[in-house]
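# A structural walkthrough
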Amino acid sequence: MSAASPGGERMAPFYCPYCGEEHLEPRAEHGSWFCPDCVRSFTLKFLGVGVPATTSKEIPR
């Protein structure tokens with residue numbers, strides 16, 4: 001797998017989240033990958049860092 005590019009993109013995934021195989025191919029869409037072993041495509045998206053805000057009044061433990 002290739003390391004992060006100078007444009008600030010994150011590293012490539014190490015394995016397919018569906019079958020666990022390590023041979024992945026990048027797709028044209030940003031963050032999209034194709035696994036030829038299970039013939040599935042998926043997209044990775046970074047959501048953020050930290051604890052997400054809660055909508056209820058309960059204090060998270």
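Residues numbered from 1 in each chain as written. Predicted model: local features only at pLDDT ≥ 70, side-chain atom pairs only at ≥ 80, totals over all residues. Heavy atoms only, no water.

### Let's talk about the overall build of the protein
Rules: A run of H or I in DSSP counts as a helix once it spans at least four residues, and a run of E counts as a strand once it spans at least two, with each numbered from the N terminus. Under the scheme applied here, a residue whose accessible area is under 20% of the maximum for its type counts as buried, over 50% as exposed, and between as partly exposed, the area being computed with a 1.4 Å probe on protein chains only. Two residues qualify as a contact provided that any one of their heavy atoms is within 4.5 Å of a heavy atom in the partner residue.
In terms of regular secondary structure, the protein is built from 0 helices and 3 strands. Helices and strands in the protein line up, N terminus first, as β-β-β. Every one of the 61 residues in the protein was classed for burial, and the buried ones make up 13%. Across the protein, contacts joining residues at least 24 apart in sequence account for 10% of those joining residues at least 6 apart.

### Description of the packing of aromatic side chains
This is how the line gets drawn: Note on aromatic contacts: the rings of Phe and Tyr and the six-membered ring of Trp form a pair at centre separations within 6.5 Å, being stacked when their planes are under 30 degrees apart, edge-to-face when over 60 apart, and tilted otherwise.
Tallied over the entire structure, the rule returns 1 aromatic pair. Ring geometry for Y18 versus F42: centroids 6.3 Å apart, planes at 65°, classification edge-to-face. With Y18 in the segment before β1 (25-26) and F42 in strand β3 (residues 40-43), the pair connects residues that are 24 residues apart, well separated along the chain.

### Some remarks on the nonpolar core
Short version of the rule: Among buried residues, those of type Ala, Val, Leu, Ile, Met, Phe, Trp, Tyr and Cys that are joined through side-chain atoms within 4.5 Å constitute a nonpolar core.
Formed by A12, C16, L24, W33, C35 and F42, the largest nonpolar core amounts to 6 residues. Discounting residues that sit within four places of it in the chain, W33 has contacts with A12, P13, L24, E25, P26, R27, R40, S41, F42 and L44.

### Structural notes on the state of the cysteines
Just so we agree on the cut-off: Note on terminology: disulfide denotes any pair of cysteine sulfur atoms within 2.5 Å.
A full pass over the atoms with the stated rule returns 0 disulfides. Not part of a disulfide, C19 finds its nearest cysteine sulfur in C35, a span of 3.6 Å. The exposure class of C19 is partly exposed, given its relative accessible area of 36%. Of the cysteine sulfurs around C38, a residue in no disulfide, the closest is that of C35, at 3.7 Å. Note on C38: relative accessible area 22%, which makes it partly exposed.

### Quick look at the confidence of the model for the protein
Note the threshold: Confidence per residue, as judged by the predictor, is encoded in pLDDT with a range of 0 to 100.
For the protein, mean pLDDT is 80; residues scoring 70 or higher make up 72% of the total. Across residues 1-6, where pLDDT falls below 50, the model places 10 contacts with residues more than four positions away in sequence or in other chains.

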